[in-house]
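# Descriptive analysis of the structure
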Amino acid sequence: MTQTLSRQETPVSPPPPAPPRRKKHRDPSRFFRLYLPLVLYLLFTLIPFYWMLVFAFRPAGETTLLPWPITFEHFDTVWNDIGFGLFFQNSLLIALGTLVTVTVFAVMGGYALARFKFRGQRVFLLALLCTQFIPGAMMLIPLFVIFKNVGLLNSLTGLIIADTAFQLPLALILMSGFVRNVPVELEEAAMVDGCSRLRAFFAVTLPQLRPALVAVGSFAFIGAWNNFLFALMFASRQDKFTLPVGLSYALGEFNTDFGALAAGGVVAAVPVVLVFAVVQRFLVQGLSAGAVKG
């Protein structure tokens, strides 16, 4: 006779009730400690840009707080009459040339500073750091004499060299920190597999430096785009002027065309805003990578 065993089911106790959520009491002082300073800072930063847009798009002679009706006559004045089209082209060529030269030399020099040990390395790094305390105005007379002797005055090449010399020390310091964050064991493993040091650098290290390249290149581009002193001193011909120097043409001896001046400011600011909007994610990633060891 077959006996059937019945399995007794153990009762399952219901889960304990969740504790009631405590209502978060809002700190009334948080508004004055955090939000109010941020709002004041934004107003202090954005109001000048708003007035620049108002003067740029508002018809001449109007005093309204809103640029209505919108007009582009001031942009036509600065682009065609003053010659901002040529100034824009010169600034773009100088900024791109500086970006390329600074990035290339920063990668090579930063890799050498991070991977090799040589006599006087600490002194060299200290000298690079000390150059950041020297204002650019002190470099004007020596560079002017050098450029005059070699025939680089009134040339875009001379301005690219001057901007590169001014931007390169900081780029070397930043890039050497980025390279140190890339483990050297990756290159050694590639060399064990038969790669040369140069091939291991291009195959292993350089792809890891993409955020660093964006950060260094962005700083070089913005610095060359906004540089006023070098373009003013090393270029006396109008066909070699850049946007910062061209903006001074809107300042007359007895009167100032605020509409044209504001339109020129908008033309000069748009590329900078676009660059930061495109590379913002890589820029933050690159700066954070260079700030943390390991």
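Residues numbered from 1 in each chain as written. Predicted model: local features only at pLDDT ≥ 70, side-chain atom pairs only at ≥ 80, totals over all residues. Heavy atoms only, no water.

With that settled, the discussion passes to the overall build of the chain. Across its full length, the chain holds 12 helices and 0 strands. Reading the chain from its N end, one meets helices and strands in the order α-α-α-α-α-α-α-α-α-α-α-α. With 294 residues in all, the chain has 34% of them scored as buried. Considering only intrachain contacts with a sequence separation of at least 6, the fraction spanning at least 24 residues in the chain is 71%. Counting every atom, the chain has about 19,700 Å² of accessible surface; 68% of that belongs to carbon and sulfur. (Helix = DSSP H or I, 4+ residues; strand = E, 2+ residues; numbered from the N terminus. Buried < 20%, exposed > 50% of the residue type's maximum accessible area, 1.4 Å probe, protein only. Contact = heavy atoms within 4.5 Å. Areas by Shrake-Rupley, 256 points an atom, 1.4 Å probe, with all protein chains shown as cover.)

Turning to the nonpolar core, a few remarks are in order. Among the nonpolar cores identified, the biggest contains 25 residues, and F84 and W225 are the most heavily contacted of them. At the level of elements, helix 2 (73-81), helix 3 (84-115), helix 9 (210-226), helix 11 (243-247) and helix 12 (258-291) are the ones that each hand at least two residues to this core. Top element by residues in this core is helix 12. It accounts for 9 residues. Once you skip the residues sitting within four places of it in the chain, W225 turns out to touch F88, S91, L92, A95, L243, P244, A268, P271 and V272. (Core = buried A, V, L, I, M, F, W, Y, C linked by side-chain atoms within 4.5 Å.)

A few words on the UniProt feature "transmembrane region" (unreviewed entry) in the chain. Per the UniProt record, "transmembrane region" (unreviewed entry) is found at residues 31-57, 92-114, 123-147, 159-179, 212-235 and 258-279. Taken end to end, residues 92-114 has its terminal C-alpha atoms 32 Å apart, with 100% of it in helix and 0% in strand. Taken end to end, residues 159-179 comprises 100% helix and 0% strand; its first and last C-alpha atoms sit 29 Å apart. (UniProt positions renumbered as here; feature names shortened; annotations may be inferred.)

So, about the environment of D239. Looking at where D239 falls in the secondary structure, it is placed in the loop between helix 10 (229-234) and helix 11. Between the C-alpha atoms of D239 and N90, which are 149 residues apart in sequence, the distance is 8.4 Å. A polar contact is formed between the side chain of D239 and the side chain of R237, at a distance of 2.7 Å. (Polar contact = N/O pair within 3.5 Å; in protein donor to acceptor, adjacent residues only side chain to side chain.)

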